[in-house]
Amino acid sequence: MVNICGIEFKNPIIIASGPGGNGQELAKYIDLNKLGGFTAKTVTPDEKEGNPPPRIVNVKAGILNSIGLQNPGIDKFIEDDLNFLDSLDTNVILSIGGDKKEDYLNLIERLNDSKAVIFELNLSCPNVGKNGIPLGIDKEGIYSLVKEAKKISKKPIFIKLGVETFLEDLVESAVKGGVDGVTLINSPKGLKIDINTGKPILKRAVGGFSGPAIKPIALATVYRIRKVFRDLPIIGMGGVFTFEDAIEFIMAGANLVGIGAGVMSDPERPINIIKELEEYFKVHDYQKIFNCALEG
Ligand code: RRO
């Protein structure tokens, strides 16, 4: 029903990287094969324990997380998760992360022969380093990473970015390097303070903010990039909780729509949204909806 980079997606709804883990837990609650796609949690070269707790806090209209890229590392990921992901009858997107260019390139080589359809280079985790992944705001770094990734990758390369002031410049660098698409947005930074102690609730203080409150920010970001890069595949996400939210993202210019925080509060949400979209698309044309952002 949706075709990007020559890949058929049975519907436009995918699970964003993170909340669905590597799928095995979520598969106990929903049939992953009904999804348009599933993005695995970002994997890095070495195992990461993540940040000290507390690292999740609910706030009005959203959730703050400071997980800190917790993952088993590539060796264990290949051993424990890849066979499961390869067995799915839906499009799997592998999210990869690291501290430097070589990390991403090594991970691509290790995962090149999996059945996954896209590599998503996570350049925007808000919860590592001093202020996130430095490569994600470095124009030259993005260009050189994407260019080299394209040379070795057997799959399309997407990059996942946050809400940056000079986002158009970052995307332009990625396009020059030959990127196949972008995923927008990673969680912007948020803070919650306990007024009894005067201290942030998260141990790391600032965390990634997700949930309904970020939807207008995410929509604006997708729209802004679609207006400049008219043919670039975009996976849009940020605060998608209803099928109407998903339609807004497609109207803003997203080819596919990711669900993140919405899965945490209700694992069946993506399946329900898919059902409602099926009804909607009986009377509306996906391409017409998608073209909204390109008109006017
Ligand atoms: O693991 C995390 O802390 C995390 C990651 Br990698 C990310 O990309 N976005 C986010 O909100 N949390």
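If you're wondering where the values come from, they're calculated on a predicted model, not measured in any experiment.

The rules behind each value
Residues numbered from 1 in each chain as written. Predicted model: local features only at pLDDT ≥ 70, side-chain atom pairs only at ≥ 80, totals over all residues. Heavy atoms only, no water. Buried < 20%, exposed > 50% of the residue type's maximum accessible area, 1.4 Å probe, protein only. Helix = DSSP H or I, 4+ residues; strand = E, 2+ residues; numbered from the N terminus. Pairing = 2+ DSSP bridges. Phe/Tyr/Trp six-rings, centres within 6.5 Å; stacked < 30°, edge-to-face > 60°. Lys NZ or Arg CZ within 6 Å of the ring centre and 35° of its normal. Axes fitted to C-alpha atoms, helices over the stretch in contact; angles between N-to-C directions. Contact = heavy atoms within 4.5 Å. Core = buried A, V, L, I, M, F, W, Y, C linked by side-chain atoms within 4.5 Å.

A. Spotlight on the pairing of strand β10 (residues 181-184). Residue alternation in β10 divides its side chains into two sets, Gly 181 and Thr 183 and Val 182 and Leu 184, and both sets are buried. The pairing of β10 with strand β15 (residues 234-237) spans three bridges and is parallel. Bridging across to β15, Leu 184 finds its partner in Gly 236.

B. Main features of the packing of aromatic side chains. In this structure the tally under the stated criterion is four aromatic pairs. Taken together, the ring pairs in this structure connect Phe 243, Tyr 280, Phe 281, Tyr 286 and Phe 290 into an aromatic cluster. The ring of Phe 119 carries Lys 155 above its face, with NZ or CZ at 5.7 Å from the centroid.

C. The sheet that holds strand β9 (residues 157-161), seen in detail. Reading around the circumference, β3-β4-β7-β8-β9-β10-β15-β16 is the order of the eight strands in this closed barrel, with parallel pairing throughout. Adjacent strand axes in the sheet meet at a mean angle of 25°, parallel and antiparallel pairs treated alike. Contacting β10 and β15, helix α6 (residues 215-228) crosses the sheet at an angle of about 160° to β15. This element, helix α7 (residues 243-252), spans β3 (13-15), β15 and β16 (256-259) of the sheet and lies at about 140° to β16.

D. A look at the nonpolar core. Ranked by size, the top nonpolar core spans 91 residues in total, and within it Leu 94, Leu 121 and Ile 159 carry the most contacts. If we skip the residues at most four places from it in the chain, Leu 121 touches Ile 96, Tyr 104, Ile 108, Leu 145, Ala 149, Ile 157, Phe 158, Ile 159 and Lys 160.

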